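Analysis of the macromolecular model
So you can see what is in the structure, the chains are spelled out below.
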Amino acid sequence: MSRIIAGFSKMSKQEKIDWLTDNFFENSIIAKETLQQYWSDDRVLQELHDDFIENTLSNFYMPYGVAPNFIINGKDYAIPMVVEESSVVAAASLVAKFWSSRGGFKTTIISTTKVGQVHFMYKGDAKGLQFYFDKMKSQLLRVTEPITKNMRIRGGGIIDLELRNKTKELANYYQIHVTFDTKDSMGANFINSCLEAIANEFERPDIEIVMSILSNYVPECLVRAEVSCPVNDLYENDAALLAQKFIQALQIANAEPHRAVTNNKGIMNGVDAVVLATGNDFRAVEAGVHAFAARDGQYRSLSHAEIKDGVFKFWMDIPLSLGTVGGLTKLHPLAKLSLELLQNPSAEDLMQITAAAGLAQNFAAIRALTTTGIQKGHMKLHLTNIIKQLDATENEKAFLIQYFENKTITHNAVVEKYKEMRAFD
Ligand code: MEV
């Protein structure tokens, strides 16, 4: 039986579900029920979601949480986070509270430039091409004017375009490298439309346009987040020793790619959660961030720490191309709500909030890893989850939590202890 189908996209949602559940599932009734279970009763809302992508069958829920008590540049925030991993929101909340009494997070926008490129092949003389580009440059800008009009009113638009000779990297390969300021929008559509207009105008029989597309590598769309405090305010005991360990952990991540990837993954736990909650493109952010982490040829830690004159400082620079208008930001009701919760930030504000969430997450991970280890916290949560599945009374719950304080937590061990307790009742 072939499961290759023509005209799938033309089928109704129900027809798609019927065909899929008949052909791919042992129990088509359960598969149908599972898909339908996540439909919204609100028809308008469901249609909105159906139209975000193609061939929509259902909605895939992710938890929407919030980490309160963030102080960023003196302003307080409750940060919305969409993430499926337990402990992430708890860690962000704890760390936000911790730093709120130590001056909070300081963030700065370093730059906001985005990039797009027209990639093309040209076999002729490089000087002649440069002459043609210089002659065409103002015309290339002119053809984008209808597209850039509104953006220019908002203070953005094309910053510059230059011809780049890439023939050392690849024979006959050149590009028009265009820089943009897209203000409060992430700007993907805007950039791509400008590039296509430029490419059309630039094309000649001896210039073979290969493609025109924005780059998700945005090292010039950069934000810094940092926290600092006197070393002795960092830990209750052994502050100098533990702060040193914290710094060593980041030095290791800087020197060793295996650790660097995990360190940065911890940062992205916070970053992606905010990016998702605000309807931004997490794949673009992920791709750009990791390329930035490898910008000198080795994948390194994004974050760093030092002690100077008795003050501990922890910081990172991170490229974040985000928008607070356009895309899903105002279309998805929860993304819109997230932006409202964040007091309707500009794209620059959102870059700073997101960076703070990432740094908070990294702080929580490094602090735990260099002191108790992360399993203690994870296991505590694991224990709570196991106990939740048991029909335990409040007293029994308290007993189990205390009993397993210093013991290895496994599902089996908890259930056995619970049964033992009950047998004695
Ligand atoms: C887990 O999601 C993230 C950590 O592994 C990050 C880290 O190791 O720094 C805890």
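Parameters and conventions
Residues numbered from 1 in each chain as written. Predicted model: local features only at pLDDT ≥ 70, side-chain atom pairs only at ≥ 80, totals over all residues. Heavy atoms only, no water. Near = heavy atom within 4 Å. Polar contact = N/O pair within 3.5 Å; in protein donor to acceptor, adjacent residues only side chain to side chain. Helix = DSSP H or I, 4+ residues; strand = E, 2+ residues; numbered from the N terminus. Nonpolar A, V, L, I, M, F, W, Y, C, P; charged D, E, K, R; others polar. Salt bridge = Lys/Arg side-chain N within 4 Å of Asp/Glu carboxyl O. Buried < 20%, exposed > 50% of the residue type's maximum accessible area, 1.4 Å probe, protein only. 1 Å grid on protein atoms, 1.4 Å probe; cavity = no way out; pocket = protein on both sides within 12 Å on 5 of 7 lines; lining within 4 Å. Points joined across faces, edges and corners; volume = space filled by probe spheres on them. Pairing = 2+ DSSP bridges. Axes fitted to C-alpha atoms, helices over the stretch in contact; angles between N-to-C directions. Contact = heavy atoms within 4.5 Å. Domains from an automatic or database assignment. Buried area = accessible area lost by both parts, 1.4 Å probe. Parallel < 35°, antiparallel > 145°, perpendicular 65-115°, else oblique. Left-handed = near helix turned anticlockwise from the far one by under 90°.

Looking now at the site of the ligand. The full set of residues close to the ligand is Glu 85, Arg 259, Thr 262, Asn 263, Lys 265, Gly 266, Asn 269, Ala 365, Leu 369 and Ile 374. Glu 85 is positioned such that a nitrogen or oxygen atom in its side chain is 2.5 Å from an oxygen atom of the ligand. Arg 259 places a polar side-chain atom, nitrogen or oxygen, 2.7 Å from an oxygen atom of the ligand. Those elements giving two or more residues to the shell around the ligand turn out to be helix 9 (257–277) and helix 12 (347–369). Ranked by residues supplied to the shell around the ligand, first place goes to helix 9 with six residues. Its residues assigned to classes, the shell around the ligand comprises three nonpolar, four polar and three charged.

Scanning all chains against the criterion turns up 16 salt bridges. With its nearest N and O atoms 3.1 Å apart, the salt bridge here joins Asp 50 to Lys 13. Of this pair, Asp 50 sits in helix 3 (residues 43–50) while Lys 13 sits in helix 1 (residues 13–24), placing them 37 residues apart in sequence. Judged by its relative accessible area of 16%, Asp 50 falls in the buried class. Measuring nitrogen to oxygen at the nearest pair gives 3.4 Å for the salt bridge that ties Asp 18 to Lys 32. On the criterion of sequence distance, the pair formed by Asp 18 in helix 1 and Lys 32 in helix 2 (residues 28–37) is long-range, its members being 14 residues apart. On the accessibility criterion, Asp 18 (28% relative accessible area) is partly exposed.

Counted under the stated rule, the structure contains one cavity of 30 Å³ or more. Here the largest cavity is characterised by a volume of approximately 40 Å³. By residue class, the composition of the lining of the largest cavity is five nonpolar, three polar and no charged.

In space, the four strands of this open sheet follow the order 5-6-4-7, with antiparallel pairing throughout. The sheet terminates laterally at strand 5 (157–165) and strand 7 (207–215), the two strands that pair on one side only. The average undirected angle you get between the axes of adjacent strands in this sheet is 15 degrees. Relative to strand 6 (residues 173–181), strand 4 (residues 114–122) is paired through eight bridges, and the arrangement is antiparallel. In the strand pairing of strand 6, Val 115 is matched with Thr 179.

Bringing the side chain of Thr 278 into the picture now. Within the element layout of this structure, Thr 278 appears in the loop between helix 9 and helix 10 (282–293). Side-chain polar atoms of Thr 278 contact the side chain of Asn 280, separated by 3.1 Å. Setting aside residues no more than four positions away along its own chain, Thr 278 makes contact with Thr 329, Ala 335, Ser 338, Leu 339, Leu 342 and Leu 350.

The subject of this paragraph is the domain arrangement of the protein. According to the domain assignment, the protein contains domain 1 (8–50), domain 2 (69–111 + 221–371), domain 3 (114–215) and domain 4 (377–424). For domain 2 and domain 3, the distance between their C-alpha centroids amounts to 34 Å. Counting residues at the interface gives ten residues for domain 2, matched by six residues for domain 3. Summed over both partners, the interface of domain 2 with domain 3 buries about 590 Å², with 60% contributed by carbon and sulfur atoms. One can count zero salt bridges joining domain 2 with domain 3.

Here we come to the environment of Phe 399. Looking at where Phe 399 falls in the secondary structure, it is placed in helix 14 (residues 394–403). Expressed as a C-alpha distance, the spacing of Phe 399 and Gly 373, which sit 26 residues apart in the sequence, is 24 Å.

This part is about the packing of helix 9 against helix 12. Close contact between helix 9 and helix 12 brings their axes to 8 Å; oriented N to C, the two are set at 135 degrees. The pairing of helix 9 with helix 12 is recorded here as oblique in orientation. Crossing angle aside, the handedness with which helix 9 passes helix 12 is right-handed. Of the residues in helix 12, those touching helix 9 at Arg 259, Asn 263, Gly 266, Ile 267, Asn 269, Gly 270, Val 271, Val 274 and Val 275 are Leu 350, Thr 354, Ala 357, Gly 358, Gln 361, Asn 362, Ile 366 and Leu 369. When grouped by side-chain class, the residues that make up the contact of helix 9 with helix 12 number eight nonpolar, eight polar and one charged.

If you check the backbone angles, Asn 172 has positive phi at about 70 degrees while not being a glycine. We classify Asn 172 as partly exposed; its relative accessible area is 27%.

Next up on the list: the sheet that holds strand 3 (residues 106–112). Spatially, the four strands line up as an open sheet ordered 3-8-10-9, and their pairing is antiparallel. The sheet is open, and its two edges are formed by strand 3 and strand 9 (303–308), each paired on a single side. Here the strands of the sheet are splayed against their neighbours by 20 degrees on average, with no regard to which way each runs. Here strand 8 (residues 221–230) runs beside strand 10 (residues 311–319); their pairing, made up of nine bridges, is antiparallel. In the strand pairing of strand 10, Val 227 is matched with Phe 314. Helix-sheet contacts for helix 8 (residues 239–255) involve strand 9 and strand 10, and the interaxial angle to strand 9 is about 140 degrees.

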